[in-house]
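Chain by chain, the residues:
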Amino acid sequence: MLCRMTTNADSSKPTRRRAPAGAAVLREDVTEAIRAAVFEELASAGYARMSIEGIARRAGVGKTAVYRRWKSKLHLVLDLVSAIAVQGLPAPDTGSLEEDLRLLYEVTSRALRHPVAGQIIPDLQAEAARNPEIAEALQKALREGQHGVASGIVRAAVERGELRSGLDEELALDLISGPLYWRTLVVRAPKLPKGHLKRLSAATAAALKAL
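**Student:** I'd like a description of the overall build of the chain, backed by residues and values.
**Tutor:** A count of helices and strands for the chain gives 11 helices and zero strands. Starting at the N terminus and ending at the C terminus, the chain contains elements arranged as α-α-α-α-α-α-α-α-α-α-α. Taking the contacts inside the chain whose residues are at least 6 apart along the sequence as the reference set, 67% of them involve residues at least 24 apart. Entry remark: accessible area of the chain is about 13,100 Å², with carbon and sulfur atoms responsible for 55%.

Below, the structure is given as structure tokens:
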């Protein structure tokens, strides 16, 4: 009887497909909430004291939602660090080495001085000394992020004739990245003096030209 109740009009309607039985549909908004919670948990508790329970509670989800996406807190943190590396920094292209450096320093300074980043990065660096997987992920993040942009600045300056070809690129990258990271993350100066980034850009450009 039920079969006879189906009319031609009914049969013309598109058939709604169901997800295969057992297939977990991971909601993107939940994934993003968990990622945000990890950053907050890292900043407040640190990696060693961070827990899946704390992350789930902060994200407003159950632990199962976290474990569906990542096997452990280590895999979660490694995923976040790798994502940061992929996002990278915007590559300046002003046509001037000194201006490219200034823009890079302004963006990097804002990122490093963010309260959350100021807590997370030193903690992960300390953890990297004990955990080879975190050390490798951090190195990749720095190389593909900051170093990737700095390399582009150097290559563009070489093409414009502002820097000589064949210069030591690794030393050039140390000169570009080292001073700001030192002052912000190691010395942890509360505030950069007015005009500091402009003077740093000029000094770094002069040092690069001396290589």
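**Student:** Outline helix α2 (residues 28–45), supporting the account with residue identities and numerical values.
**Tutor:** Under the 1.5 Å per step criterion, the end-to-end length of α2 is 25 Å for 18 residues, consistent within 8% with the ideal 26 Å. Among all positions of α2, only V30, T31, I34, A37, V38, E41, L42 and A45 are buried. Projection of α2 onto a plane perpendicular to its axis shows the buried side chains occupying an angular sector of 135°, all on one side. Positive phi appears at G46, one or two residues downstream of α2, with a value of about 85°.

**Student:** Quick rundown of helix α6 (residues 97–112)? Include the residues and the values.
**Tutor:** Count 3.6 residues to each turn of an α-helix, and residues three or four apart come out pointing the same way. The first and last C-alpha atoms of α6 sit 22 Å apart over 16 residues, in line with the 22 Å expected at 1.5 Å per residue. Of all the residues in α6, the buried ones are L97, D100, L101, L104, Y105, T108, S109 and L112. Buried residues along α6 cover an arc of 155° about the axis, so they all sit on one side.

**Student:** Tell me about the packing of aromatic side chains, and name the residues and values.
**Tutor:** Geometrically, a pair of aromatic rings is defined through the distance of the ring centres and the angle of the planes. Across all of its chains, the model carries zero aromatic pairs by this definition. The ring of Y47 has K73 lying over it, and the distance from NZ or CZ to the ring centre is 4.6 Å.

**Student:** Could you give an account of the packing of helix α10 (residues 169–186) against helix α11 (residues 196–209), naming the residues involved and the relevant values?
**Tutor:** For the pair α10 and α11, the least separation of the axes is 9 Å and the interaxial angle reads 155°. In terms of orientation, α10 and α11 fall into the roughly antiparallel class. In the crossing of α10 with α11, the sense of the turn from one axis to the other is right-handed. Note on element contacts: α11 touches α10 through H196, L197, L200, T204, A207 and L208, opposite A172, L175, I176, P179, L180 and R183. Considering only residue class, the contact of α10 with α11 consists of nine nonpolar, two polar and one charged.

**Student:** Break down the environment of N131 for me, citing the residues and quoting the values.
**Tutor:** With respect to the helices and strands, N131 occurs in the loop between α7 (115–128) and α8 (132–144). By relative accessible area, N131 is classed as buried at 15%. C-alpha of N131 to C-alpha of L74: the two residues are 57 residues apart in sequence and 9.7 Å apart in space.

**Student:** Tell me about the pattern of salt bridges, residues and numbers included.
**Tutor:** Summed over the entire model, instances satisfying the criterion amount to 11 salt bridges. Notably, a salt bridge pairs R155 with E169, separated by 4.0 Å at the nearest N-O pair. Within this pair, whereas R155 is found in helix α9 (residues 146–160), its partner E169 is found in helix α10, the two being separated by 14 residues in sequence. Exposure remark for R155: the relative accessible area of 46% places this residue in the partly exposed category. Members of the salt-bridge network, linked through shared partners, are E40, E41 and R58.

**Student:** I'd like a description of a nonpolar patch on the surface, backed by residues and values.
**Tutor:** Residues W182, V186 and V187 make up a contiguous nonpolar surface patch of about 320 Å² in total accessible area. Positionally, W182 belongs in helix α10.

**Student:** Describe the packing of α6 against α10, and please don't skip the residues or the numbers.
**Tutor:** For the pair α6 and α10, the least separation of the axes is 11 Å and the interaxial angle reads 30°. Judged by the angle between their axes, α6 and α10 are roughly parallel. In the packing of α6 onto α10, the handedness of the crossing is right-handed. Contacts between α6 and α10 involve L101, L104, Y105, T108, S109 and L112 from the former and L175, I176, L180, Y181, T184 and L185 from the latter. Here the contact of α6 with α10 is built from residues that sort into nine nonpolar, three polar and no charged.

The rules behind each value
- Residues numbered from 1 in each chain as written.
- Predicted model: local features only at pLDDT ≥ 70, side-chain atom pairs only at ≥ 80, totals over all residues.
- Heavy atoms only, no water.
- Helix = DSSP H or I, 4+ residues; strand = E, 2+ residues; numbered from the N terminus.
- Contact = heavy atoms within 4.5 Å.
- Areas by Shrake-Rupley, 256 points an atom, 1.4 Å probe, with all protein chains shown as cover.
- Expected span 1.5 Å × (residues − 1).
- Buried < 20%, exposed > 50% of the residue type's maximum accessible area, 1.4 Å probe, protein only.
- Arc of directions from axis to C-beta.
- Phe/Tyr/Trp six-rings, centres within 6.5 Å; stacked < 30°, edge-to-face > 60°.
- Lys NZ or Arg CZ within 6 Å of the ring centre and 35° of its normal.
- Axes fitted to C-alpha atoms, helices over the stretch in contact; angles between N-to-C directions.
- Parallel < 35°, antiparallel > 145°, perpendicular 65-115°, else oblique.
- Left-handed = near helix turned anticlockwise from the far one by under 90°.
- Nonpolar A, V, L, I, M, F, W, Y, C, P; charged D, E, K, R; others polar.
- Salt bridge = Lys/Arg side-chain N within 4 Å of Asp/Glu carboxyl O.
- Patch = residues over 30% accessible without salt bridge, like charges linked within 9 Å, V, L, I, M, F, W, Y side chains within 5 Å.

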